[in-house]
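# Topology and contacts: notes
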Amino acid sequence: MKLILAIIKPYKLDEVREALTALGIAGMTVTEAKGFGRQKGQTEIYRGAEYAANMVPKVRIELVCDDGIAPRVVETLQQSAATGAIGDGKIFVLDVGQAVRIRTGETGEAAL
């Protein structure tokens, strides 16, 4: 199993969720986040005054999937979250040793 973490632009969330649902992903966790990467924040204009926003709003998506579908999940995330602009985000893929469904006690892929 793989844990896939994706940091994306907030307005791309619906498009990403629809693409992942069409792929067969049954669940995910979404968290609002703030951060910066190479862009080091962004410049905003508020009431005519320019200021630097050091932390850019992002959305963090976490999902666990079977090893076999993980490359397609990453590809789908990349295609659906891309805008072609700086700050599109990142995708991280990690190995998952064990998963347990609390309600039933199912383990492994059955817990997904």
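I will try to describe carefully the structure that is included in this document. Keep in mind that this is a model prediction, so the values were computed, not measured. (Residues numbered from 1 in each chain as written. Predicted model: local features only at pLDDT ≥ 70, side-chain atom pairs only at ≥ 80, totals over all residues. Heavy atoms only, no water.)

### Comments concerning the overall build of the protein
In terms of helices and strands, the protein carries two helices and six strands. The order of helices and strands in the protein, counted from the N terminus, is β-α-β-β-β-β-α-β. The burial tally for the protein puts 27% of its 112 residues in the buried class. When contacts within the protein are restricted to residue pairs at least 6 apart in sequence, those whose partners lie at least 24 apart make up 71%. For the protein, the accessible area works out to roughly 7500 Å², and carbon and sulfur atoms hold 51% of it. (Helix = DSSP H or I, 4+ residues; strand = E, 2+ residues; numbered from the N terminus. Buried < 20%, exposed > 50% of the residue type's maximum accessible area, 1.4 Å probe, protein only. Contact = heavy atoms within 4.5 Å. Areas by Shrake-Rupley, 256 points an atom, 1.4 Å probe, with all protein chains shown as cover.)

### Some thoughts on the nonpolar core
Core analysis: the biggest nonpolar cluster contains 15 residues, and Leu-63, Cys-65 and Val-73 have the highest contact counts within it. Apart from the residues lying within four places of it in its own chain, the contact partners of Leu-63 are Lys-2, Leu-3, Ile-4, Leu-20, Ile-25, Gly-27, Met-28 and Val-73. (Core = buried A, V, L, I, M, F, W, Y, C linked by side-chain atoms within 4.5 Å.)

### As for the pattern of salt bridges
Going through the model one piece at a time under the given rule, you end up with five salt bridges. For Lys-2, the salt bridge goes to Asp-95, with nearest N and O atoms at 2.3 Å. One end of the pair, Lys-2, is in strand S1 (residues 2-8); the other, Asp-95, is in strand S6 (residues 89-95), and 93 residues separate them in sequence. With a relative accessible area of 62%, Asp-95 lands in the exposed category. (Salt bridge = Lys/Arg side-chain N within 4 Å of Asp/Glu carboxyl O.)

### Considering the side chain of Thr-76
Along the chain, the position of Thr-76 falls in helix H2 (residues 70-81). A residue is classified by how much of its surface remains accessible, and Thr-76, at 16% relative accessible area, is buried. Filtering out sequence-adjacent residues up to four positions away, Thr-76 remains in contact with Ala-19, Leu-20 and Leu-23.

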